[in-house]
There are 4 protein chains.
Amino acid sequence: MKKVKFTLKSQELKEKKVFRDAIHNYIHVDHDVVLKLINSAAMQRLKRIKQLGGIHQVFQSAEHSRFTHSLGVYAVVRRMLEESVIGDYLNDYEKLTVMIAGLLHDLGHGPFSHCFENIFQQKHEAYTVRIIKEDQEIHHILEDCVKGLSHDVASVIDKTHPNHILIQMISSQLDADRMDYLLRDSYFTGTTYGQFDLSRILRVMQVRQGKIVYKYSGVQAIENYILARYHMYWQVYYHPTTRCYEQILISIFRRISDLYKQKKINCDLEYLLPFINHDVSIQDYLNLDEYICFYYFRKLSQHPDTILSDLCQRLLNRKLFVYEDYKSAKQKSLIETQCLKAGYDPRYYVFGDDQMQIPYLHYGNKDDIREIEIIKGHQLTSLPDVSEIVGAIIKAKENKTDSKIYYPETIDK
Amino acid sequence: MKKVKFTLKSQELKEKKVFRDAIHNYIHVDHDVVLKLINSAAMQRLKRIKQLGGIHQVFQSAEHSRFTHSLGVYAVVRRMLEESVIGDYLNDYEKLTVMIAGLLHDLGHGPFSHCFENIFQQKHEAYTVRIIKEDQEIHHILEDCVKGLSHDVASVIDKTHPNHILIQMISSQLDADRMDYLLRDSYFTGTTYGQFDLSRILRVMQVRQGKIVYKYSGVQAIENYILARYHMYWQVYYHPTTRCYEQILISIFRRISDLYKQKKINCDLEYLLPFINHDVSIQDYLNLDEYICFYYFRKLSQHPDTILSDLCQRLLNRKLFVYEDYKSAKQKSLIETQCLKAGYDPRYYVFGDDQMQIPYLHYGNKDDIREIEIIKGHQLTSLPDVSEIVGAIIKAKENKTDSKIYYPETIDK
Amino acid sequence: MKKVKFTLKSQELKEKKVFRDAIHNYIHVDHDVVLKLINSAAMQRLKRIKQLGGIHQVFQSAEHSRFTHSLGVYAVVRRMLEESVIGDYLNDYEKLTVMIAGLLHDLGHGPFSHCFENIFQQKHEAYTVRIIKEDQEIHHILEDCVKGLSHDVASVIDKTHPNHILIQMISSQLDADRMDYLLRDSYFTGTTYGQFDLSRILRVMQVRQGKIVYKYSGVQAIENYILARYHMYWQVYYHPTTRCYEQILISIFRRISDLYKQKKINCDLEYLLPFINHDVSIQDYLNLDEYICFYYFRKLSQHPDTILSDLCQRLLNRKLFVYEDYKSAKQKSLIETQCLKAGYDPRYYVFGDDQMQIPYLHYGNKDDIREIEIIKGHQLTSLPDVSEIVGAIIKAKENKTDSKIYYPETIDK
Amino acid sequence: MKKVKFTLKSQELKEKKVFRDAIHNYIHVDHDVVLKLINSAAMQRLKRIKQLGGIHQVFQSAEHSRFTHSLGVYAVVRRMLEESVIGDYLNDYEKLTVMIAGLLHDLGHGPFSHCFENIFQQKHEAYTVRIIKEDQEIHHILEDCVKGLSHDVASVIDKTHPNHILIQMISSQLDADRMDYLLRDSYFTGTTYGQFDLSRILRVMQVRQGKIVYKYSGVQAIENYILARYHMYWQVYYHPTTRCYEQILISIFRRISDLYKQKKINCDLEYLLPFINHDVSIQDYLNLDEYICFYYFRKLSQHPDTILSDLCQRLLNRKLFVYEDYKSAKQKSLIETQCLKAGYDPRYYVFGDDQMQIPYLHYGNKDDIREIEIIKGHQLTSLPDVSEIVGAIIKAKENKTDSKIYYPETIDK
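Residues numbered from 1 in each chain as written. Chains lettered and ligands numbered in written order. Predicted model: local features only at pLDDT ≥ 70, side-chain atom pairs only at ≥ 80, totals over all residues. Heavy atoms only, no water.

*Asks:* Where do I start with unusual backbone geometry in this structure?
*Replies:* A negative phi angle is the norm for most residues apart from glycine, just as the trans form is the norm for most peptide bonds. In the Ramachandran plot, Arg-318 of chain C falls in the positive-phi region, its phi being about 55° despite a non-glycine side chain. Mapping Arg-318 of chain C onto the fold places it in the loop between helix H17 (306-317) and strand E5 (322-325). Although it is not a glycine, His-278 of chain D sits at a positive phi angle of roughly 50°. (Helix = DSSP H or I, 4+ residues; strand = E, 2+ residues; numbered from the N terminus.)

*Asks:* Just checking my understanding: could you explain the pairing of strand E1 (residues 12-21) of chain D for this structure?
*Replies:* Regular strands place side chains that alternate from one sheet face to the opposite one. Residue and element names in this part refer to chain D. Both E1 and strand E2 (residues 25-31) contribute to a ladder of six bridges, which runs antiparallel. When the bridges of E2 are listed, Lys-17 appears paired with Val-29. Connecting the antiparallel pair E1 and E2 is a turn made up of three residues. (Pairing = 2+ DSSP bridges.)

*Asks:* Help me understand the sheet that holds strand E3 (residues 205-208) of chain B, please; the structure alone is not making it clear to me.
*Replies:* The strands making up a sheet associate through hydrogen bonds between their backbones, and the pairing can be parallel or antiparallel. All names here are of chain B. Across the sheet, which stays open at both edges, the four strands sit in the order E3-E4-E7-E8 with mixed pairing between neighbours. Pairing within the sheet leaves two strands with one partner each, and these edge strands are E3 and strand E8 (379-382). Between one strand and the next, the sheet's axes are offset by a mean angle of 50°, whatever the strand orientation. Relative to strand E7 (residues 373-376), strand E4 (residues 211-215) runs parallel, the two sharing two bridges. Within E7, the position partnered with Lys-215 by the bridge is Ile-375. (Axes fitted to C-alpha atoms, helices over the stretch in contact; angles between N-to-C directions.)

*Asks:* What's the story with the relation of the copies chain A and chain B in this structure? I'm lost.
*Replies:* Look at the two chain copies: a rotation about an axis and a shift along it is all it takes to match them. Mapping chain A onto chain B is achieved by rotating through 180° and translating by 0.0 Å along the same axis, at an RMSD of 0.0 Å. Taken together, the rotation angle and the small translation identify this as a two-fold axis. Taking C-alpha positions as the reference, the residue of chain A nearest the rotation axis is Tyr-291 of chain A, at 2.3 Å. Mapped onto chain B, 100% of the interface residues of chain A again fall at the interface, so both copies present the same surface. (Least-squares fit on C-alpha atoms with pLDDT ≥ 70 in both. Contact = heavy atoms within 4.5 Å.)

*Asks:* Honestly, helix H7 (residues 136-145) of chain D in this entry has me stumped. Any pointers?
*Replies:* Residue pairs spaced three or four apart in an α-helix point in one direction, given the helix's 3.6 residues per turn. Here H7 of chain D has its buried residues at Ile-138, Ile-141, Leu-142, Glu-143 and Cys-145 of chain D. Against the buried residues of H7 of chain D lie helix H1 (32-38), helix H2 (41-45), helix H4 (92-104), helix H6 (124-134) and helix H8 (149-157) of chain D. (Buried < 20%, exposed > 50% of the residue type's maximum accessible area, 1.4 Å probe, protein only.)

*Asks:* Just checking my understanding: could you explain the pattern of salt bridges for this structure?
*Replies:* As a working rule, side chains carrying opposite charge can pair if their charged atoms are close by. Applying the stated rule across the entire model yields 82 salt bridges over all chains. For the salt bridge of Asp-175 of chain C with Arg-178 of chain C, the shortest nitrogen-to-oxygen distance reads 3.0 Å. For the residue pair Asp-175 of chain C and Arg-178 of chain C, the accessibility class agrees, reading buried in each case. Lys-299 of chain D serves as the salt-bridge partner of Asp-268 of chain C, at 3.1 Å between the closest nitrogen and oxygen. Taken together, the residues Asp-268 of chain C in the loop between helix H13 (240-261) and helix H14 (273-276) and Lys-299 of chain D in helix H16 (residues 290-300) connect one chain to another. Several salt bridges converge on common partners, so that one network encompasses Asp-21, Asp-180 and Arg-184 of chain A. (Salt bridge = Lys/Arg side-chain N within 4 Å of Asp/Glu carboxyl O.)

*Asks:* Help me out: how do you make sense of the environment of Ile-222 of chain D in this one?
*Replies:* Residues and elements named next belong to chain D. For Ile-222, the location among the structural elements is in helix H12 (residues 219-237). On the basis of relative accessibility, which here comes to 0%, the residue Ile-222 falls in the buried class. A C-alpha to C-alpha distance of 9.4 Å links Ile-222 and Leu-198, two positions 24 residues apart in sequence. Excluding residues within four positions of it along the chain, Ile-222 makes contact with Leu-174, Tyr-214, Ile-372, Ile-374 and Leu-383.

*Asks:* For this particular structure, what's the right way to read the interface of chain A and chain B?
*Replies:* Where interface size is quoted, it is often the accessible area lost as the parts come together. Between chain A and chain B, the contact holds 50 residues from the first and 50 residues from the second. Carbon and sulfur atoms supply 45% of the area that chain A and chain B bury against each other, a total of about 4500 Å² over both sides. Of all residues in chain A, Arg-20, Gln-60 and Tyr-291 of chain A bury the most surface against chain B, accounting for 18% of the area lost on that side. Put simply, chain A and chain B have six salt bridges between them. (Buried area = accessible area lost by both parts, 1.4 Å probe.)

*Asks:* Explain helix H12 (residues 219-237) of chain A to me, please; I cannot follow it from the model alone.
*Replies:* Look at H12 of chain A: 25 Å from first C-alpha to last across 19 residues, which is about the 27 Å you get at 1.5 Å a residue. Of all the 19 residues making up H12 of chain A, 19 are buried; the element is thus mostly covered by neighbouring parts of the structure. (Expected span 1.5 Å × (residues − 1).)

Okay, here's the thing in structure tokens:
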């Protein structure tokens with residue numbers, strides 16, 4: 001196979017580039033293809049999408065973008081190759097493949113990630129794969145470097161690559177993606193929760209039976225990382241004010257769709273139309289970012305439809321809803337009545353929101369957790385078998401729920 | 001005077017609000033008027049203007065907004081009132097006035113600050129004052145709190161307030177504005193240069209003859225702060241890649257103006273037109289932010305004018321220019337000729353840029369530096385009289401220059 | 001009661017003192033009695049006792065003393081009084097009492113804490129109380145300030161003080177002692193494990209039914225703190241190399257006792273004799289510190305008894321033992337035989353060490369854990385009832401054990 | 001030459017050792033000879049000598065030892081070899097030589113460094129060289145590794161080694177020693193002053209004409225480092241309280257000498273006698289550390305000579321002197337008279353102390369400063385020629401003086 005003959009040397013930049021970063025200090029770019037990808041339109045678009053959506057409504061300094069996170073994931077992959085033993089098990093072509101997969105893994109994110117996915121039924125993982133294969137610029141950069149590279153990078157992301165080590169490095173319970181976002185989100189929110197000992201985890205990585213496993217002496221460091229994630233979820237990611245902000249976003253997109261279908265919007269919504277019409281090409285997808293959405297919100301904040309203009313003004317000017325614990329359908333129905341009385345259409349102004357499902361998505365099912373395997377004696381055991389704490393986390397996520405109901409501050413209760 | 005009877009107690013929120021922040025940890029909002037100002041459209045607009053313009057092209061994690069800085073300045077003012085002796089010299093009304101002046105001091109910033117000011121001849125300080133006095137929402141919030149408050153806040157910012165202490169807290173060589181931005185920019189760029197000992201500086205503040213002066217024992221901490229600023233300027237703020245990014249921005253705005261005057265632009269530039277036509281109301285000014293500009297850049301990146309579309313694509317996709325030290329007019333003229341030959345109009349594609357003037361603007365003239373006064377024995381002396389290092393900085397800024405010339409990478413030299 | 005009339009104002013220093021500290025930045029000393037206590041012989045002796053015993057054998061920079069920790073506990077108590085609501089529930093005399101109790105709480109520590117307690121059967125808590133009551137200098141400083149103060153400070157430490165809030169501030173599951181040592185030990189070992197959000201915990205403190213309880217919104221911050229402690233124990237405090245260092249110390253003290261009883265030591269052991277003879281006055285106790293012990297180790301490293309001199313040289317020059325997991329009495333007996341064959345007396349050269357008991361001591365029994373009470377709705381519930389993670393920790397400590405066996409490297413196995 | 005054939009591989013430990021450190025995180029020990037040196041008596045003795053003498057009297061957490069600094073210097077040398085280009089210019093034997101020179105460079109420090117040198121006229125640099133050559137354990141470890149290694153290591157320290165790069169790495173204006181102590185002292189004092197960007201300095205190192213020079217793009221990072229040092233000197237190292245502590249130490253040693261010569265001391269001063277008698281063997285030198293000195297201070301605090309016992313109690317129990325600016329001989333003479341009247345012998349109780357000379361020693365003469373050479377264009381220029389700030393520092397040190405006079409608090413003035 002030709003690719004095995006590939007050497008990283010052949011891709012070395014004459015003058016290596018460095019990006020400064022608050023998390024990884026210097027991020028080194030040594031290879032021409034990586035620099036070209038960084039400076040592509042699809043990657044630069046991620047500068048206009050926030051990593052943490054509306055979390056800056058509470059943790060005000062969390063304004064960082066998916067772009068800086070993406071470069072961070074690339075940096076963690078690079079450290080794995082240099083500081084852990086993994087590098088000994090991969091050839092140069094695989095190393096390049098996984099560095100690029102780290103860099104590009106979030107290409108498919110739309111604006112306001114999860115709420116956008118919700119409303120327009122788009123899955124970012126699928127889009128990442130499609131962009132790598134179909135976007136002309138990205139595709140050319142990859143294929144000009146090595147023929148077949150776009151396919152191989154995509155197969156790391158859709159988990160079909162034959163080498164499981166590469167897949168684990170990018171998407172597993174303990175991958176470069178999660179490692180960067182915990183450190184980064186912790187730093188930019190200014191909380192201490194997400195800190196863990198990356199150096200130590202790199203030092204206890206091992207390869208057995210073609211996959212990444214961990215020395216027993218590293219269990220505490222891994223526990224620490226799992227708990228960091230647990231705390232970030234409940235303290236930061238699921239903060240009720242953030243969820244409220246996202247509910248307003250969903251209402252706005254829903255109202256736009258509804259009005260558009262009733263032909264009640266006649267201003268230029270060029271970049272949004274494909275999504276409303278459910279006919280989205282890769283280029284349409286890449287055309288949209290949060291900056292453009294905010295342009296529309298600004299425009300629509302003057303729209304004659306009072307629901308739409310009010311919701312846009314609320315989002316732009318931080319007139320968020322209030323919330324209380326969700327207790328019963330009756331409670332919700334009462335609030336909806338009051339809302340109606342106050343002149344608010346409950347379809348756009350009252351939301352129940354239940355965080356119980358989400359940890360499940362993020363922490364994976366029990367099989368995913370088992371993916372962190374520990375060498376104990378001469379055998380591999382799963383992490384929960386050697387860590388009571390992790391067992392408790394698994395159990396906790398099944399029980400811990402937080403349901404809220406949101407509505408406008410001004411209704412009379 | 002009625003205002004003296006004003007008590008902060010009367011403005012206290014029933015439930016105090018807290019913003020989390022990476023620099024100041026918890027930013028407490030105790031007063032109703034402050035919370036309303038934070039949630040006003042004019043303040044929230046600052047979320048869509050980056051604090052450091054194009055610096056994130058190099059220091060990638062410097063993506064923070066002018067909004068977070070503004071809340072940070074408010075937080076530093078609050079600390080000055082609590083942790084230094086200054087609080088003992090001000091009444092409740094003055095305290096409220098200066099906290100609000102800190103919060104609002106950057107309201108008048110346009111998108112891409114300095115390059116926008118350059119091209120459209122707008123001064124942000126003047127706009128801040130106008131917005132405080134003329135923007136309906138801001139004006140009402142202030143006047144509803146205390147009659148005359150908008151005038152008094154504005155007079156702190158335009159330096160006409162009778163109490164010099166308030167002016168010094170917001171705009172002097174050692175003010176809440178600079179203190180927050182050094183700490184903040186240092187943190188988000190991930191450099192160590194801008195760190196200084198804020199606690200110590202607060203501890204050595206004194207009031208003499210109606211103005212803020214400093215104990216002699218604080219000279220080293222102040223030197224440290226001045227040097228932090230010096231280093232941030234040369235290491236971060238004046239980084240040549242950033243200046244290149246700003247030159248492209250200037251070229252884009254220039255090209256838009258030129259084409260518009262030739263009636264060659266027919267797409268909707270609603271929010272930009274008042275600036276092109278030099279007829280800008282306060283509301284026009286507040287309508288524009290960087291998100292909207294980026295929407296236009298996106299649109300115009302498909303415009304038939306190849307200069308405009310090329311420049312927009314360069315900005316969006318990080319195809320920056322190269323640069324070299326500026327040595328002579330002859331060198332520039334040669335580059336312009338080559339540029340022309342390569343098909344680039346030098347008026348939009350070749351720039352000289354000279355950083356010599358800027359430190360002067362930022363560090364102020366010698367009179368400004370003298371504003372930092374030190375109590376030595378029983379007398380006040382100026383900082384440079386007791387610090388050789390600061391003297392050297394003053395001298396250095398006259399000598400240190402960095403002139404570059406920028407042009408497209410692809411021209412044949 | 002006279003003491004209620006006591007005002008902190010009366011104790012204010014004309015010139016307040018400040019100590020710089022890496023954890024709390026500035027530690028302010030405002031009151032004369034506190035300054036006098038800091039500069040007393042009994043407190044200054046704690047500068048010559050390391051906070052973390054032999055942990056610096058692995059975490060080399062953990063060289064901090066019990067003195068700096070003591071000042072740190074005082075600083076946390078001060079923050080509790082200023083930043084939490086607790087201050088509203090205490091009068092000036094109680095505030096002084098608890099600040100001093102924080103400062104003095106470790107006065108009774110002997111050199112090499114736990115292993116010294118082991119060998120000489122001394123309990124540091126009992127000595128702290130005795131020193132406060134019986135040491136002339138400490139007693140006079142306290143009584144000169146307010147008559148009865150020494151009794152009241154002591155009663156906070158021996159948990160007989162009528163106001164439970166004071167006791168909880170100094171010794172409970174979430175007290176100033178643990179808070180300072182986690183932050184401090186984490187900083188000086190250079191690990192991230194011990195970091196938690198002190199500001200947030202202070203903000204969620206409440207007083208109900210005469211004791212300190214916590215808002216429900218603070219549960220995550222408290223979980224984070226409990227886990228920080230859990231990790232510090234297993235990653236730092238119980239590191240096997242450290243335990244080995246302590247075993248050698250125990251052997252040395254045992255050998256000295258044994259030889260002394262056989263009249264085989266004739267050099268001057270003045271400061272150690274009272275301990276060997278089990279006749280220790282308060283002054284004897286305060287005379288001994290780690291520096292003096294090291295002087296003896298240095299002297300005794302030339303002693304004709306080869307066991308004693310060898311052990312002392314091992315301790316001084318880091319010739320530690322090797323270790324392996326303890327599996328059976330048979331294994332131990334085999335090692336002892338080999339040891340004997342190699343010329344080492346197993347009574348001083350082979351140790352089993354079992355960490356199972358210690359977490360119990362530190363984490364307290366279930367009743368102690370219940371002391372962290374959470375306000376949920378209008379009721380108080382215990383922390384484990386609202387936190388699965390803490391429940392798991394309680395369970396984990398019962399199961400998690402780590403038994404090692406230590407012996408000289410050079411024996412033939 | 002045989003040594004050129006030496007390979008580091010041959011010294012590799014089967015199981016590499018790691019020390020955790022708050023500054024460098026993991027300090028890796030890869031080579032057998034290095035591990036043996038770390039565990040030698042001469043190196044372990046440095047654990048009992050504080051890095052910053054009496055500075056912990058003010059910056060309380062600065063309790064770190066010369067041992068941890070020594071391992072830190074070794075760690076910086078290792079980073080220079082790995083992260084800068086220097087490694088490309090040295091063979092394996094030179095690499096080992098310079099790593100060891102870094103580790104051992106402070107072996108010759110006595111207790112309380114500078115004041116001990118003052119009173120007993122010992123130079124620590126000379127002792128370091130003698131210990132490397134003459135101490136049996138150190139000598140054997142080195143010679144067993146490679147014959148001639150002890151000579152070569154010593155020649156790096158006494159600056160006679162033929163390869164100037166090695167000398168510059170250990171002792172120059174910008175060496176591993178200063179780099180570690182600035183970062184370390186800054187961290188443990190809890191000040192921000194000493195922070196600088198080590199990564200960046202490593203990246204701009206170059207080798208020209210057989211010596212280490214720096215890229216022009218690194219000038220700001222170097223300025224930042226020089227200023228960090230400048231601030232640490234005036235804020236931390238020369239703090240008057242520290243100097244006072246050291247003056248009392250000097251008085252104690254002087255009084256011991258004086259009494260001993262008058263045969264008025266009859267207790268066992270075994271480890272101190274060689275110094276008093278000015279007949280110090282290498283072994284005598286290595287026998288003494290600060291712990292042993294404190295044992296003597298403790299003993300002598302009960303000595304019948306009231307001057308000696310009083311001074312010892314002052315040192316042990318932090319009863320320091322007061323101080324004021326030194327203005328004239330007349331002022332000093334007046335204080336001496338008052339002192340005498342109060343019963344204090346001015347020879348031991350009144351000191352003038354002038355910090356003017358010391359910066360000269362530390363910053364070196366102009367020739368030393370010139371050692372930092374910058375590549376500008378194709379030429380080497382000295383740092384002050386391209387940096388006004390550094391020029392100002394050189395000038396400042398000539399002017400900046402701080403003279404104090406110290407005496408007991410209780411005298412009547």
